[in-house]
Amino acid sequence: EDKVVQSPLSLVVHEGDTVTLNCSYEVTNFRSLLWYKQEKKAPTFLFMLTSSGIEKKSGRLSSILDKKELSSILNITATQTGDSAIYLCAVEARSGGGADGLTFGKGTHLIIQP
Amino acid sequence: DTEVTQTPKHLVMGMTNKKSLKCEQHMGHRAMYWYKQKAKKPPELMFVYSYEKLSINESVPSRFSPECPNSSLLNLHLHALQPEDSALYLCASSPIYYNEQFFGPGTRLTVL
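Below is a short write-up of the structure. It should be emphasised that the depicted structure is a prediction, and the values quoted were computed from it without experimental measurement. (Residues numbered from 1 in each chain as written. Chains lettered and ligands numbered in written order. Predicted model: local features only at pLDDT ≥ 70, side-chain atom pairs only at ≥ 80, totals over all residues. Heavy atoms only, no water.)

Right, let's get into the sheet that holds strand β3 (residues 19–26) of chain A. Residue and element names in this part refer to chain A. Read from one edge of the open sheet, five strands run β1-β3-β8-β7-β6, paired in antiparallel fashion. The sheet is open, and its two borders are formed by β1 (3–7) and β6 (56–58), each paired with just one other strand. In this sheet, adjacent strand axes meet at a mean angle of 15° when their direction is disregarded. Direction of pairing for β6 relative to strand β7 (residues 61–66): antiparallel, over a ladder of three bridges. Bridge pairing in β7 places K56 opposite S63. (Pairing = 2+ DSSP bridges. Helix = DSSP H or I, 4+ residues; strand = E, 2+ residues; numbered from the N terminus. Axes fitted to C-alpha atoms, helices over the stretch in contact; angles between N-to-C directions.)

Before going further, it helps to spend a moment on the pattern of salt bridges. Residue and element names in this part refer to chain B. This model, assessed by the stated rule, comprises six salt bridges over all chains. Residue D85 is joined to K36 by a salt bridge in which the shortest nitrogen-to-oxygen separation is 4.0 Å. Here D85 is found in the loop between β8 (73–79) and β9 (87–94), whereas its partner K36 is found in strand β4 (residues 31–37), with 49 residues between them in sequence. By the burial criterion, D85 is buried, and K36 matches it. For D85, the salt bridge goes to R63, with nearest N and O atoms at 2.8 Å. Note that D85 is positioned in the loop between β8 and β9 and R63 in the loop between β6 (53–57) and β7 (64–70), a separation of 22 residues in sequence. (Salt bridge = Lys/Arg side-chain N within 4 Å of Asp/Glu carboxyl O. Buried < 20%, exposed > 50% of the residue type's maximum accessible area, 1.4 Å probe, protein only.)

Let's shift gears to the side chain of S93 of chain B. By secondary structure assignment, the location of S93 of chain B is in strand β9. Residues within four places of S93 of chain B in sequence aside, it is in contact with V4, Q25, M27, H29, A31, M32, Y33, E100, Q101 and F102 of chain B. (Contact = heavy atoms within 4.5 Å.)

Y25, F30, L33, W35, Y87, V91 and L110 of chain A are the most contacted members of the largest nonpolar core, which totals 23 residues. Looking at this core, the elements with two or more residues in it are β3, β4 (30–38), β5 (44–49), β7, β8 (71–76), β9 (85–93) and β11 (108–113) of chain A. Element by element, the count of residues in this core is highest for β9 of chain A, at five residues. Those residues within four positions of F30 of chain A in sequence are excluded, and the remaining contacts are Y25, L49, T50, L65, K67, V91 and E92 of chain A. Counting residues in each nonpolar core, the second largest holds 22 residues, with W34, M46, Y49 and L76 of chain B among its members. (Core = buried A, V, L, I, M, F, W, Y, C linked by side-chain atoms within 4.5 Å.)

Here we come to the packing of aromatic side chains. Evaluated as defined, the whole model comprises ten aromatic pairs over all chains. A ring pair is formed by F45 of chain A and F102 of chain B, whose centres lie 6.2 Å apart and whose planes are at 45°; its orientation type is tilted. With one member in each of two chains, F45 of chain A in strand β5 and F102 of chain B in strand β10 (residues 102–103) form a pair that bridges those chains. Between F64 of chain B and Y89 of chain B, the ring centres sit 5.8 Å apart and the planes meet at 35°, which makes this aromatic pair tilted. (Phe/Tyr/Trp six-rings, centres within 6.5 Å; stacked < 30°, edge-to-face > 60°.)

To continue, consider the state of the cysteines. The final tally for this structure, using the stated rule, is two disulfides over all chains. Each sulfur in the disulfide pair C23 of chain A and C89 of chain A lies 2.0 Å from the other. When the S-S torsion is -70°, as for the bridge of C23 of chain A with C89 of chain A, the disulfide is left-handed. Taken together, the residues C23 of chain A in strand β3 and C89 of chain A in strand β9 connect sequence positions 66 residues apart. The residues C23 of chain A and C89 of chain A share a single accessibility class, namely buried. In this model C23 of chain B forms its disulfide with C91 of chain B; the gap between the sulfur atoms is 1.9 Å. Its S-S torsion of about -70° marks the bond between C23 of chain B and C91 of chain B as left-handed, since a negative value means left-handed. Here C91 of chain B lies in strand β9 and C23 of chain B lies in strand β3 (residues 18–25), a separation of 68 residues in the sequence. (Disulfide = S-S within 2.5 Å.)

The structure is reproduced here in structure tokens:
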């Protein structure tokens, strides 16, 4: 059974701090790893990672995949209160032709205090 | 148009009712998905449609019946649901070979 584990499950920091969120996975026929941010509504897409060692960046957020260690990290620098959310890691496993669904981890609940 | 829309936003139904959830996207995506999300839990995959054909059914009970009438629309027909089916139902779409899934806002379903 495919498994995605995120840590920590919750994290409280002060505005301006840098945070690192972790995701490890065990899947058969790995295809890609995705990060989403979820506030009170639907998950919003952040990054998709398929190749090991290549960092993806968007503003203060960045992520990297380590296929050898079967893991990924999501970094957020200079955190702001608007970064408070649940950060979900999801993995796509190749099932054959066509599209595959995502298996999600339980998420990291990040709270940024002013 | 770069969004996935879902209707209704909220739905309350009894255990004997029949209702439908609707999802629409105009991004040209040929894969569409239904997920179920319970409170404080991550989304769980229910169904995947590829090129309007059901390609994955994650052993979902038959009281949930998906339908993909065309490449832009995805429905989820509900019949004889149980209170434990109360949840946020999320629709997503993606290109077939790059699984960057975009989620709709969800339908919050309450079964009485």
